[in-house]
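Tertiary structure, described
Letter by letter, the chains look like this.
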Amino acid sequence: VSSAVMDLVSKAGALSHISFTGTKEKDWYVQEAADAMKAGALIYAGKYSAPDYELLLSNNCQFVIENTMITHNPEVKEKLEELGSSDLPLGRLEWIRLFGVLFNQEQQANKFFREQAERVQPILEKENTGLSVAFFAVSSDGTITVRKPNDYVSSMIELAGGNYSLNGYLPEEDSALSTMKMQMEDFYVAEKDADILIYNGTIEGELTSVDELIAKNSLFADFKAVKSGQVYTTGSNFYQQTSMTCDFIEDLNKVLIGSDDTDYHFLKHIQ
């Protein structure tokens, strides 16, 4: 759906891999694309802000290339994700395949991605546990930093078998930012009954104890997860370790199913 990409795709000899476009035949300056549309090999599927979802779904479209104009229509991005055209956490990991192409390491990059995807597949096939998970950090000014619904972190929680506790609570915003601030009182109302608390240790540093969390705000003592001992923290390396996406999903699944295996990659159980 990014018309500027088509010329590069064509010059790379990959035009035959593209089935749909958001540009009409008469509007193309890339002659190869116009010729492909005339031949019926490339089909107009609506512009970026109004795609033909039924057409894309019926033809099993699994990969969409957009440009940043999609941020003006977040409902379209959300719908494409709902239809299965984007799997945020694994899609984030799949960038390794692009770098494999750029640096002539395709075989190694593809092998790594395939092994990671296969490793996590059994978890994706399990039923949802029904447990709610909060992912947050306490800022130095006392506000709470959370991930927005449909962010890749909340998606990893869902893939691991849990429910991101702010789904349906926070409004969708037309913003490229994946985080937002909440006042503690609002966070308390939204999250006090969450089954599991995960503290994001990459912002203000990881926690060493539950007492340290309560020292940040005494309201945490009333949280269900604090009372039941279900509080975890990530390490400071969480965001930079993109290649270990599946490791984090495995960690989350162990917590959600109450596994005896507590050898976590990213999470640390604190008491």
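Look up a bit, the structure's there.
Note that the coordinates shown come from a computational prediction; the quantities given were computed from them, not determined experimentally.

Here the focus is the pattern of salt bridges. In total, this model carries twelve salt bridges according to the counting rule given. Measuring nitrogen to oxygen at the nearest pair gives 3.9 Å for the salt bridge that ties Lys-11 to Glu-32. A residue pair is termed long-range when its members are at least 10 positions apart, and Lys-11 in helix α1 (residues 3-11) and Glu-32 in helix α2 (residues 31-38) qualify at 21 residues. Take Lys-11: its relative accessible area is 58%, and that puts it in the exposed class. With relative accessibility at 34%, the residue Glu-32 sits in the partly exposed group. Residues Arg-119 and Glu-250 are paired through a salt bridge, measuring 3.0 Å at the closest nitrogen-oxygen approach. Here Arg-119, found in helix α7 (residues 106-124), pairs with Glu-250, found in helix α12 (residues 245-257); they are 131 residues apart in sequence, far enough to count as distant. Classification of Arg-119 as partly exposed rests on a relative accessible area of 31%.

Turning to the side chain of Thr-233, a few remarks are in order. Within the secondary structure, Thr-233 is located in strand β8 (residues 231-234). According to the relative accessible area criterion, Thr-233 is buried, its value standing at 0%. Aside from chain neighbours lying at most four places away, what touches Thr-233 is Tyr-199, Gly-201, Glu-206, Leu-207, Phe-266, Leu-267, Lys-268 and Ile-270.

The subject of this paragraph is the environment of Ile-18. You can see Ile-18 is positioned in the loop between α1 and β1 (20-21). A residue is classified by how much of its surface remains accessible, and Ile-18, at 22% relative accessible area, is partly exposed. Spatially, the C-alpha atoms of Ile-18 and Asp-151 are 27 Å apart, while their sequence positions differ by 133 residues. Among all residues touching Ile-18, those that are not within four sequence positions of it are Met-6, Val-9, Ala-41 and Leu-42.

Glancing now at the packing of aromatic side chains. Scanning all chains against the criterion turns up twelve aromatic pairs. Measuring from ring centre to ring centre gives 5.0 Å for Phe-220 and Phe-223, while their planes differ by 40°; the resulting arrangement is tilted. Phe-220 sits in the buried class, given a relative accessible area of 0%. Between Phe-238 and Phe-248 the ring centres are 4.5 Å apart and the planes differ by 55°, which places this aromatic pair in the tilted class. Taken as a pair, Phe-238 in the loop between β8 and α12 and Phe-248 in helix α12 lie far apart in primary sequence, ten residues in all. Cluster of aromatic residues (ring-pair linked, three or more members): Phe-136, Phe-187, Tyr-188, Tyr-199, Phe-220 and Phe-223.

Cut-offs used in this document
Residues numbered from 1 in each chain as written. Predicted model: local features only at pLDDT ≥ 70, side-chain atom pairs only at ≥ 80, totals over all residues. Heavy atoms only, no water. Salt bridge = Lys/Arg side-chain N within 4 Å of Asp/Glu carboxyl O. Helix = DSSP H or I, 4+ residues; strand = E, 2+ residues; numbered from the N terminus. Buried < 20%, exposed > 50% of the residue type's maximum accessible area, 1.4 Å probe, protein only. Contact = heavy atoms within 4.5 Å. Phe/Tyr/Trp six-rings, centres within 6.5 Å; stacked < 30°, edge-to-face > 60°.

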